[in-house]
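Next come the chains, spelled out residue by residue.
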Amino acid sequence: MNDILNQLNPPQREAVTATEGPVLVLAGAGSGKTRVLTYRIAYMLEEKNIAPWNILAITFTNKAANEMADRVEALVGAAANDMWVRTFHSACVRILRRDIERLGYGRNFNIIDADDQKSLVKECVRELRLSEDEFPHRSVLAEISRAKDGLYTPEEYCREFATEYRLSQVGRIYTLYQNKLRRSNDVDFDDLIMLTVRLFRECPDVLEYYRNKFKYILVDEYQDTNPAQNELIILLAGEHRNICVVGDDDQSIYKFRGADISNILEFEKAFPNAKVVRLEQNYRSTQNILDAANSVIKNNTGRKGKHLWTDGEKGENIQVYRANNDFDEADYIVKQIRSLAADGYRYGDIAVLFRAKSSSKVIEDCFMRAALPYRVLSGLRFYDRKEIRDMIAYLRLIKNPDDDVSLRRIINVPSRKIGKVTLDAINSMAAREGVSLYRAISGHLEDFKGGVAEFYTLIENLRSLVGTVPIDELVQRVYEDSGYEKSLEKDEKGQERAENIGELISGASHYTETVDEPNFDDYMDNLVLVSDVDNYDEDTDAVVMMTMHASKGLEFPVVFICGFDDGVFPSVKAIFDPEEIQEERRICYVAITRARQRLYLTGSHSRMVFGKTSVYKPSRFLNEIPEELYELTDAREEMHARAEQLRETMGAMMQKKEKKMPTATVTMSAEKPKPTGNVNLKAGDTVSHPKFGEGVIISAQPVGNDVHYKINFNGVGEKNLLGLYAKLTKIN
DNA sequence: CTCAGCTAGATTTTT
DNA sequence: TCTAGCTGAG
């Protein structure tokens with residue numbers, strides 16, 4: 001054990017050995033946070049003889065939880081198995097599975113995911129006869145989610161916002177949404193936390209049980225907790241106060257998901273006399289990179305305050321490049337990577353970070369053309385794929401026939417010729433009798449034949465298999481018997497989809513083989529809560545591209561941060577709000593501190609956004625970095641030198657777009673094919689359209705370089721058409 | 001019921 | 001400009 005302590009620097013050692021009482025560890029980027037957490041647990045077990053089952057370690061991601069569990073096990077061996085090392089959500093599931101009946105839910109509740117939430121909200125909006133334009137599911141869902149993060153029940157929410165029209169309507173949606181969830185015994189991600197808090201508040205004996213059980217609590221990434229999660233921790237640790245939270249207020253970048261930075265800033269209010277430990281020595285980056293990060297983040301207010309430093313070298317200067325346009329920017333990145341490769345870097349050592357996914361496209365194209373190996377991280381997650389979600393919907397319906405959301409999803413997938421009309425009929429039947437859709441069907445079997453009857457038999461048959469066949473076989477049977485397998489034959493993406501389902505099935509057999517007591521309910525929890533950990537495989541030698549958010553917690557020898565322009569990063573959406581700018585600045589801090597040796601910041605004087613070319617100034621964050629830390633290259637000054645290459649790039653792009661021309665001459669026709677449409681028509685003109693026949697223009701509204709026509713066609717009625725695209729001919 | 005064609009919208013997303 | 005999701009014609 002002394003060995004272990006000797007491997008730590010003084011503040012790290014302090015954080016590890018302060019096992020009693022509240023501790024706040026402010027862990028700067030790259031300061032050995034994970035090491036502190038794992039050593040602390042090892043220290044508690046070995047030196048303090050604390051029983052492993054008295055320890056609760058909470059993380060946000062499964063990846064972090066698994067990593068922590070593995071590392072602790074490596075230090076102390078099997079004792080690690082008796083601890084709870086879990087994500088907030090999976091810890092809550094486990095607690096709720098035991099006692100949720102106290103809140104009137106059934107113990108076999110299903111956990112619905114974002115996609116189901118979306119359709120449920122839509123359904124609610126429609127049922128309440130509200131406009132889907134005014135209450136788009138996206139923002140309503142965010143609103144509901146924030147409400148739950150803030151521990152507002154529907155009733156409290158409605159009361160709170162009764163006087164404000166929009167929010168009071170959202171309150172109605174929230175109420176209906178919650179009722180629907182409850183009726184089908186479903187909970188969403190946010191419910192997992194909120195219901196656990198409710199359970200603790202309403203059932204003191206339950207809270208007492210867990211307070212006794214978890215005498216020592218650790219929370220990782222504390223800056224990312226939302227109010228509900230914070231309350232959960234306060235409830236659990238409030239009595240014994242053996243709570244250690246680790247985080248970095250400067251790395252709080254998930255406000256939009258409900259994370260509340262004040263949880264970490266005000267930790268000492270919740271736990272007076274907390275010991276505060278700062279980990280500021282950095283073991284990752286060069287001093288230049290740290291200086292840049294420090295100088296940016298110091299512009300934020302209300303920080304706990306930290307100053308990163310290293311024993312290591314000053315390192316290379318940061319390279320700043322201002323391109324002429326976004327193609328040129330991508331081109332620069334490719335060229336630099338080539339020369340880095342020549343310097344001995346592996347592609348896998350290099351990461352390209354961007355603020356928004358949309359920025360990746362230009363760069364990807366450029367990499368593709370240059371034949372540089374790359375991967376984009378965090379595209380579609382495995383369990384977000386349509387075919388996987390369809391399979392899961394079947395499984396969920398089998399598990400819980402009252403799960404209307406899942407039923408709607410797959411009753412006609414693959415097609416059983418069950419359309420809106422039939423579904424509406426079932427729906428009103430169910431509403432009339434106050435039962436779920438599936439029960440409505442089973443109660444009126446005589447009324448249904450064909451598709452619906454077929455579907456019912458299918459589900460009943462599959463249901464009878466639960467518990468009698470292994471889970472992987474069950475999944476296989478769903479896949480075959482539902483006709484899904486067959487339907488993929490006609491699907492152009494069928495091959496890939498079949499492979500994904502194959503992976504789901506092998507995942508299921510892996511589960512059956514590795515888990516002590518495999519059971520269907522538990523398998524389903526894992527399916528929803530455990531996304532495919534991380535498809536980031538460090539062994540493949542390819543440049544990684546990802547959002548700055550996704551890069552949190554990772555590190556790379558070389559980092560490119562692209563789109564370093566005001567309006568791109570910081571995002572336009574943040575530019576007028578000082579709070580948002582502070583959040584962007586934290587994102588910037590996170591991004592910069594990913595780099596170990598070399599950092600590139602690239603921007604562009606102009607870029608294509610939404611089809612229009614706009615002009616950009618350098619990111620304001622660049623002004624916050626002292627000039628002596630970087631070398632600036634401005635393409636504008638080298639314009640002439642580069643003009644030739646640029647032309648080639650553009651030429652190659654044009655060629656790629658119009659595959660027809662084999663070789664020909666690469667001309668400089670950057671002009672796109674002229675839109676054939678007619679934009680010179682006026683109100684009153686008579687026109688002819690291939691489909692709608694003749695009509696008279698009622699109005700012509702210019703929209704950009706296009707014109708928006710409202711036309712009254714004879715016998716057809718009013719149509720809205722765009723001049724550039726509609727095939728309109730003027731008739732005199 | 002299905003599919004083509006149009007429209008509106010277009011940060012970030014650990015669970 | 002690109003694309004996901006909705007609408008309306010077959």
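Thresholds, definitions, all that
Residues numbered from 1 in each chain as written. Chains lettered and ligands numbered in written order. Predicted model: local features only at pLDDT ≥ 70, side-chain atom pairs only at ≥ 80, totals over all residues. Heavy atoms only, no water. Helix = DSSP H or I, 4+ residues; strand = E, 2+ residues; numbered from the N terminus. Buried < 20%, exposed > 50% of the residue type's maximum accessible area, 1.4 Å probe, protein only. Contact = heavy atoms within 4.5 Å. Areas by Shrake-Rupley, 256 points an atom, 1.4 Å probe, with all protein chains shown as cover. Pairing = 2+ DSSP bridges. Axes fitted to C-alpha atoms, helices over the stretch in contact; angles between N-to-C directions. Phe/Tyr/Trp six-rings, centres within 6.5 Å; stacked < 30°, edge-to-face > 60°. Lys NZ or Arg CZ within 6 Å of the ring centre and 35° of its normal. Polar contact = N/O pair within 3.5 Å; in protein donor to acceptor, adjacent residues only side chain to side chain. Salt bridge = Lys/Arg side-chain N within 4 Å of Asp/Glu carboxyl O.

Engineer: Go over the overall build of chain A, please, and point to the residues and values.
Structural biologist: Looking only at helices and strands, chain A has 30 helices and 22 strands in total. A total of 732 residues make up chain A; the buried ones form 51% of that total. In chain A, 74% of the contacts between residues at least 6 apart in sequence involve partners at least 24 apart. Surface exposure of chain A reaches about 34500 Å², of which carbon and sulfur atoms provide 48%.

Engineer: Which residues make up the sheet that holds strand β9 (residues 318-323), and what values go with them?
Structural biologist: Pairing within the open sheet is parallel, and its 7 strands lie in the order β11-β12-β10-β13-β14-β9-β17. Edge positions in the open sheet fall to β11 (374-376) and β17 (630-634), since each of these has one partner strand only. The sheet shows a mean angle of 20° between the axes of neighbouring strands, taken without regard to direction. Inspection of the sheet shows strand β10 (residues 350-354) paired to strand β12 (residues 543-547) by 4 bridges, in the parallel sense. Bridge pairing in β12 places V352 opposite M545. Sheet contacts for helix α15 (residues 287-297): β9 and β14 (595-604); angle to β14, the most-contacted strand, approximately 50°. Against the sheet, helix α16 (residues 326-342) contacts β9, β10, β12, β13 (556-561) and β14, and its axis sits at roughly 155° relative to β14.

Engineer: Outline the packing of aromatic side chains, listing residues and values.
Structural biologist: Tallied over the entire structure, the rule returns 19 aromatic pairs. Plain terms: the ring middles of Y152 and F161 are 6.3 Å apart, the flat faces sit at 45° to each other, and that makes the pair tilted. With a relative accessible area of 27%, Y152 lands in the partly exposed category. Through a chain of ring-to-ring contacts, the aromatic side chains of W84, F200, Y209, Y210 and F214 assemble into a single cluster. A cation sits over an aromatic face here: R86 above W84, 5.3 Å from the ring centre. Sitting above the plane of the Y209 ring, R98 keeps its charged end 4.1 Å from the centroid.

Engineer: Talk me through the side chain of N400; I want residue IDs and the actual numbers.
Structural biologist: Among the structural elements, N400 can be located in the loop between α18 (386-399) and α19 (404-410). Here N400 falls in the buried class, since its relative accessible area comes to 7%. Here S184 takes part through its backbone oxygen, which lies 3.0 Å from a polar atom of the side chain of N400.

Engineer: Break down the pattern of salt bridges for me, with residues and values.
Structural biologist: Going through the model one piece at a time under the given rule, you end up with 51 salt bridges. Between R71 and E67 there is a salt bridge, with its nearest N and O atoms 3.3 Å apart. Residue R71 and its partner E67 are located together in helix α4 (residues 62-76), separated by 4 residues, close to a single helical turn. For E67, a relative accessible area of 34% gives the class partly exposed. The salt bridge involving R284 is made with E555; its shortest N-O contact spans 2.8 Å. Of this pair, R284 sits in the loop between β8 (275-279) and α15 while E555 sits in the loop between α27 (548-551) and β13; the two residues are 271 residues apart in sequence, bridging distant segments of the chain. With relative accessibility at 35%, the residue E555 sits in the partly exposed group. Each of D113, D115, D116, K118, K386, R389, D390, R396, D403 and R409 takes part in a single network of salt bridges with overlapping partners.

Engineer: Could you give an account of the environment of L395, with specific residues and numbers?
Structural biologist: With respect to the helices, strands and loops of the structure, L395 is situated in helix α18. Look at L395 and you get buried, because its relative accessible area is 0%. Distance in space between the C-alpha atoms of L395 and L474 is 8.7 Å, their sequence separation being 79 residues. Beyond its immediate stretch of four places on either side in the chain, L395 contacts L474, V475, V478, F520, Y523, M524 and L527.

Engineer: Lay out the sheet that holds strand β2 (residues 55-59) with the relevant residues and their values.
Structural biologist: The 6 strands lie next to each other as β3-β2-β6-β7-β1-β8, forming an open sheet whose pairing is parallel. On the outer flanks of this sheet lie β3 (84-87) and β8, each paired with one strand and no other. The average undirected angle you get between the axes of adjacent strands in this sheet is 15°. When β2 meets strand β6 (residues 216-219), the two strands line up parallel, connected through 4 bridges. Counted as the bridge partner of I55 is Y216 from β6. In the packing of α4 onto the sheet, the strands contacted are β2 and β3, and the crossing angle to β3 comes to about 165°.

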